[in-house]
Amino acid sequence: MPVILAIESSCDETSASVCADGKILSNHIASQAVHEKYGGVVPELASRAHMQHIVPVVDLALKEAGIELAAIDAIAFTRAPGLIGSLLVGAQFAKSLAAALNKPLIAVHHMQAHVLANLIPERRPSFPFLCLTVSGGHTQIVVCHSPSKLEVIGETIDDAAGEAFDKSAKILGLPYPGGPLIDKYAQQGDANRFKFPEPRIADLNFSFSGLKTAILYFLQNAGTSLLYKEEFQANTEERKAFIDNNLFDICASIQSRIVSILLNKYDKAARQTGIKDLCIAGGVSANSGLRKAFKEMGDKNGYNTFIPAFEYCTDNAAMIAITAYYKFLEKDFVSLDVDVSARGSF
Ligand code: KG4
Ligand code: ZN
């Protein structure tokens, strides 16, 4: 029964989790509010905050799990992808601990971990299952053949779904990260009020850059047209008043289009592969509109749908711990000189 301490530090959340025999005993997350005023994550500030948070976060995760350091069988950390400075803090901490305790070290891919977050609850998908992974940096449809064999069958050719939310929010003058705010306002709005275009993209791939441009023109014209027409350009005051008066409907309409772009392709992937167990993962899977529409699609088309609990959707160490558990069973360990990487697939 391996007891694993896992650390996640790829972007702007410092998180630690303890898992025993594949069961999550604790999952602590320290978020970094410092980036809010810059409208995005500032890498240098993120690394610094990780250094401040990592010791107390690990301490809390161990205490809540009721586990002493001496009882740990392996240390896991996120190796890729992410911000190099952020990844290095978690990696160095994990390596030091593994060396001090003389325990094996497990390197985990962040996107694989988002997918395997669906193996945390007792009700789990059967292999092979599909996963729509939607985060701030990625949008992928993955076939998960086994915990260690994942195959990307569709992905974004430009922005990720999370970026589509965050960039739309930025255009509306909302603070970073705007995804959760669009979700909140959308719940009070009419999604049919404004129609944003759905891109025609081949195969199982996605594109979100056209939506961003459409929103920009739509606001420049204070809602009168999706096309760029110089004579229709609203001035700053008119634009601001239009947003203020219609914010809930605009958010609901944007969210509904992002969700339909995602689910139309996901439905196509399910039909093409014949796979019936469908999961979602990543920060955008916390979106209430996506969760609801995904479940409805499953009920209508006969798919078994799996949605992680909120705390396992956005970046967290529990998903690193569960992935590390499967790697432990396969004795997939790394040496202390392993490098972190900003990019790279599973
Ligand atoms: O997976 P994640 O926590 O970090 C990355 O690995 O990127 O995803 C972060 C993304 C951000 O773009 C954030 O705006 C989005 O997930 N997000 C949401 C919601 N919660 C987080 N987007 C829409 N609705 C939400 N409720
Ligand atoms: Zn993530």
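Note: the structure precedes this text.
In what follows, the accompanying structure is described.

The rules behind these values
- Residues numbered from 1 in each chain as written.
- Chains lettered and ligands numbered in written order.
- Predicted model: local features only at pLDDT ≥ 70, side-chain atom pairs only at ≥ 80, totals over all residues.
- Heavy atoms only, no water.
- Near = heavy atom within 4 Å.
- Polar contact = N/O pair within 3.5 Å; in protein donor to acceptor, adjacent residues only side chain to side chain.
- Areas by Shrake-Rupley, 256 points an atom, 1.4 Å probe, with all protein chains shown as cover.
- Helix = DSSP H or I, 4+ residues; strand = E, 2+ residues; numbered from the N terminus.
- Nonpolar A, V, L, I, M, F, W, Y, C, P; charged D, E, K, R; others polar.
- Domains from an automatic or database assignment.
- Phe/Tyr/Trp six-rings, centres within 6.5 Å; stacked < 30°, edge-to-face > 60°.
- Lys NZ or Arg CZ within 6 Å of the ring centre and 35° of its normal.
- Salt bridge = Lys/Arg side-chain N within 4 Å of Asp/Glu carboxyl O.
- Buried < 20%, exposed > 50% of the residue type's maximum accessible area, 1.4 Å probe, protein only.
- Axes fitted to C-alpha atoms, helices over the stretch in contact; angles between N-to-C directions.
- Parallel < 35°, antiparallel > 145°, perpendicular 65-115°, else oblique.
- Left-handed = near helix turned anticlockwise from the far one by under 90°.
- Contact = heavy atoms within 4.5 Å.
- Pairing = 2+ DSSP bridges.
- Donors = N, O, S within 2.8 Å, 3.2 Å for Na, K, Ca; no water.

**Description of the site of ligand 1**
Part 1 of the reasoning: Around ligand 1 sit 19 residues, and of these Gly136, Asp166, Asp183, Gly283 and Asn287 come closest.
Part 2 of the reasoning: Contact distances for ligand 1 include 3.3 Å between an oxygen atom and a backbone N or O atom of Gly162.
Part 3 of the reasoning: With respect to ligand 1, the backbone of Asp315 contributes an N or O atom lying 3.0 Å from an oxygen atom.
Part 4 of the reasoning: Considering ligand 1 on its own, with 550 Å² of exposed area, one finds that the protein chains cover 87% of that surface.
Part 5 of the reasoning: Every element with two or more residues in the shell around ligand 1 is listed here: helix H3 (110–116), helix H4 (161–171) and helix H5 (179–186).
Part 6 of the reasoning: Here the residues of the shell around ligand 1 sort into five nonpolar, eleven polar and three charged.
Part 7 of the reasoning: The two domains that each donate at least three residues to the shell around ligand 1 are domain 1 (3–117 + 312–329) and domain 2 (126–307).

**Some words on the packing of aromatic side chains**
Part 1 of the reasoning: This structure, assessed with the given rule, holds ten aromatic pairs.
Part 2 of the reasoning: Between Tyr266 and Phe294, the ring centres sit 5.9 Å apart and the planes meet at 20°, which makes this aromatic pair stacked. Here the residue Tyr266 occupies a position in helix H7 (residues 236–273), and Phe294 occupies one in helix H8 (residues 288–301), the gap between them amounting to 28 residues.
Part 3 of the reasoning: A ring pair is formed by Tyr325 and Tyr326, whose centres lie 5.1 Å apart and whose planes are at 70°; its orientation type is edge-to-face.
Part 4 of the reasoning: By the ring-pair criterion, three or more aromatic residues cluster together here, those being Phe194, Phe196, Phe218 and Phe242.
Part 5 of the reasoning: For Arg291, the ring lying beneath its charged end belongs to Phe310, and the centroid distance is 4.0 Å.

**Examining the pattern of salt bridges**
Part 1 of the reasoning: What the rule picks out here adds up to ten salt bridges.
Part 2 of the reasoning: Across the salt bridge formed by Asp244 and Lys240, the nearest N and O atoms sit 3.4 Å from each other. Of this pair, Asp244 and Lys240 both sit in helix H7, four residues apart, which is roughly one turn of the helix.
Part 3 of the reasoning: Relative accessible area serves as the criterion here: at 52%, Asp244 is assigned to the exposed category.
Part 4 of the reasoning: The partner of Arg271 in a salt bridge is Asp267, with the nearest N and O atoms 3.1 Å apart.

**As for unusual backbone geometry**
Part 1 of the reasoning: Put simply, Phe127 and Pro128 share a cis peptide bond, and its omega is -10°.
Part 2 of the reasoning: The topology assignment puts Pro128 in the loop between H3 and strand S6 (129–134).
Part 3 of the reasoning: With an omega of -10°, the peptide bond between Tyr176 and Pro177 qualifies as cis.
Part 4 of the reasoning: Here Pro177 lies in the loop between H4 and H5.
Part 5 of the reasoning: Positive phi outside glycine occurs at Asp21, with the angle close to 55°.

**A short note on the packing of H5 against H7**
Two quantities define a packed helix pair, namely the angle between the axes and the distance from one axis to the other.
Part 1 of the reasoning: Closest axis-to-axis distance for the H5/H7 pair is 8 Å, and the angle between their directions is 115°. Classified by the interaxial angle, the pair formed by H5 and H7 is roughly perpendicular. Our pair here, H5 against H7, has a crossing hand that is left-handed. Across the interface between the two elements, Ile182, Asp183, Tyr185 and Ala186 from H5 touch Leu247, Phe248, Cys251, Ala252 and Gln255 from H7.
Part 2 of the reasoning: The class makeup of the residues in the contact of H5 with H7 is seven nonpolar, one polar and one charged.

**Quick word on the sheet that holds strand S7 (residues 139–146)**
Part 1 of the reasoning: One open sheet holds the five strands; their spatial order is S8-S7-S6-S9-S10, and the pairing between them is mixed. The open sheet is flanked by strand S8 (149–155) and strand S10 (304–306), the only strands paired with a single partner. Here the strands of the sheet are splayed against their neighbours by 25° on average, with no regard to which way each runs.
Part 2 of the reasoning: Bridge count for S7 against S8 is six bridges, and the pairing is antiparallel. Looking at S8, one finds that Ile141 is bridged to Gly154.
Part 3 of the reasoning: Taken strand by strand, H7 contacts S6, S7, S8 and strand S9 (277–281), and its axis lies near 160° from that of S6.
Part 4 of the reasoning: On the sheet, H8 packs against S6, S9 and S10 and is oriented at approximately 175° with respect to S9.

**Let's talk about the coordination of the zinc ion (ligand 2)**
Part 1 of the reasoning: In the first shell of the zinc ion (ligand 2), the protein supplies His110 (NE2), His114 (NE2) and Asp315 (OD), at 2.1 to 2.2 Å from the metal.
Part 2 of the reasoning: Here the donor residues for the zinc ion (ligand 2) map to a single chain with the spacing H-x3-H-x200-D. One end of the pair, His110, is in helix H3; the other, Asp315, is in the loop between S10 and helix H9 (318–329), with 205 residues separating them in the sequence.
Part 3 of the reasoning: Exposure remark for His110: the relative accessible area of 6% places this residue in the buried category.

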